[in-house]
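Survey of secondary and tertiary structure
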Amino acid sequence: VLDIIAICGEAIQHVHLSDAAGLNSEGLEVGYGSVDFEKIHNSLFANKRDKLTLIPEVWQGHHDGGSKFYSSLERYASIIKRS
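Because the structure is predicted, anything quoted here is derived from the model rather than measured. (Residues numbered from 1 in each chain as written. Predicted model: local features only at pLDDT ≥ 70, side-chain atom pairs only at ≥ 80, totals over all residues. Heavy atoms only, no water.)

This paragraph deals with the overall build of the chain. Scanning the chain for helices and strands turns up three helices and four strands. Reading the secondary structure of the chain in the N-to-C direction produces α-β-β-β-α-β-α. The C-alpha radius of gyration of the chain comes to 13 Å, within 12% of the 12 Å expected for a compact globule of 83 residues. Expressed as lengths along the three principal axes of its C-alpha atoms, the size of the chain is roughly 35 × 30 × 25 Å. When burial is assessed residue by residue, the chain has 29% of its 83 residues classed as buried. In the chain, 58% of the contacts between residues at least 6 apart in sequence involve partners at least 24 apart. Per element, the accessible surface of the chain, about 5,700 Å² overall, is 54% carbon and sulfur. One way to put it: in the chain the 8 positive side-chain charges average out to a point 6 Å from where the 11 negative ones average out. (Helix = DSSP H or I, 4+ residues; strand = E, 2+ residues; numbered from the N terminus. Rg over C-alpha atoms; globule rule 2.2 N^0.38 Å. Buried < 20%, exposed > 50% of the residue type's maximum accessible area, 1.4 Å probe, protein only. Contact = heavy atoms within 4.5 Å. Areas by Shrake-Rupley, 256 points an atom, 1.4 Å probe, with all protein chains shown as cover. Lys, Arg positive; Asp, Glu negative; His and termini not counted. Charge placed at Lys NZ, Arg CZ, Asp CG, Glu CD.)

In structure tokens form, the structure reads like this:
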């Protein structure tokens, strides 16, 4: 992913975030898989802090009033505060 961001970074304007694990577990809530969101965030925002938007893309995140979307955003915010 970091290689793709390095190549296409200037063209990226919007990102759908989800975590993943193994070969077939995607769409997980942020923090429930193995994605290094701190590295991805730093790479994405290296030169475009004011141009990029993002939103969680979590499996069944819309259930319960979007609680999985919200909790993923909270965890993502907590992760990027460290960087």
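Before going further, it helps to examine the layout of surface pockets. Empty pockets left among the atoms are what a rolling probe the size of a water molecule brings to light. The space that makes up the largest pocket amounts to roughly 230 Å³. Forming the boundary of the largest pocket are Val-1, Ile-4, Ile-5, Ile-12, Val-15, His-16, Leu-17, Ser-18, Val-35, Phe-37, Ile-40 and Leu-44. Of all the secondary structure elements, the ones that give two or more residues to the lining of the largest pocket are α1 (2-8), β1 (14-17) and α2 (37-44). Residues of the lining of the largest pocket, tallied by class, amount to ten nonpolar, two polar and no charged. (1 Å grid on protein atoms, 1.4 Å probe; cavity = no way out; pocket = protein on both sides within 12 Å on 5 of 7 lines; lining within 4 Å. Points joined across faces, edges and corners; volume = space filled by probe spheres on them. Nonpolar A, V, L, I, M, F, W, Y, C, P; charged D, E, K, R; others polar.)

The alternating pattern of β1 places Val-15 and Leu-17 on a buried face, while none of His-14 and His-16, on the opposite face, is buried. Looking at chain direction, β1 and strand β4 (residues 53-56) are connected through four bridges and run parallel. The partner of His-14 across the bridge, within β4, is Thr-53. (Pairing = 2+ DSSP bridges.)

The predicted structure's coordinates, where accompanied by low pLDDT, should not be read in detail. Looking at the chain as a whole, the pLDDT averages 90, with 94% of positions reaching at least 70. Taken element by element, the chain is modelled with least confidence in α1, mean pLDDT 90, and with most confidence in strand β2 (residues 19-21), mean pLDDT 95. (pLDDT = per-residue confidence, 0-100.)

Okay, the pairing of strand β3 (residues 25-28) next. For β2 and β3, the ladder comprises three bridges, and the chain directions are antiparallel. Bridging across to β3, Ala-20 finds its partner in Glu-26. Taken together, β2 and the strand that follows it, β3, pair antiparallel across an intervening segment of three residues, in which Gly-22 is found at a positive phi of about 65°.

Now for the nonpolar core. With twelve residues, the main nonpolar core is built from Ile-5, Ile-12, Val-15, Leu-17, Val-30, Phe-37, Ile-40, Leu-44, Phe-45, Leu-52, Tyr-76 and Ile-79. Residue assignment for this core shows that the elements contributing at least two residues are β1, α2 and α3 (63-81). Those residues within four positions of Phe-37 in sequence are excluded, and the remaining contacts are Leu-17, Ser-18, Asp-19, Val-30, Gly-31, Tyr-76 and Ile-79. (Core = buried A, V, L, I, M, F, W, Y, C linked by side-chain atoms within 4.5 Å.)

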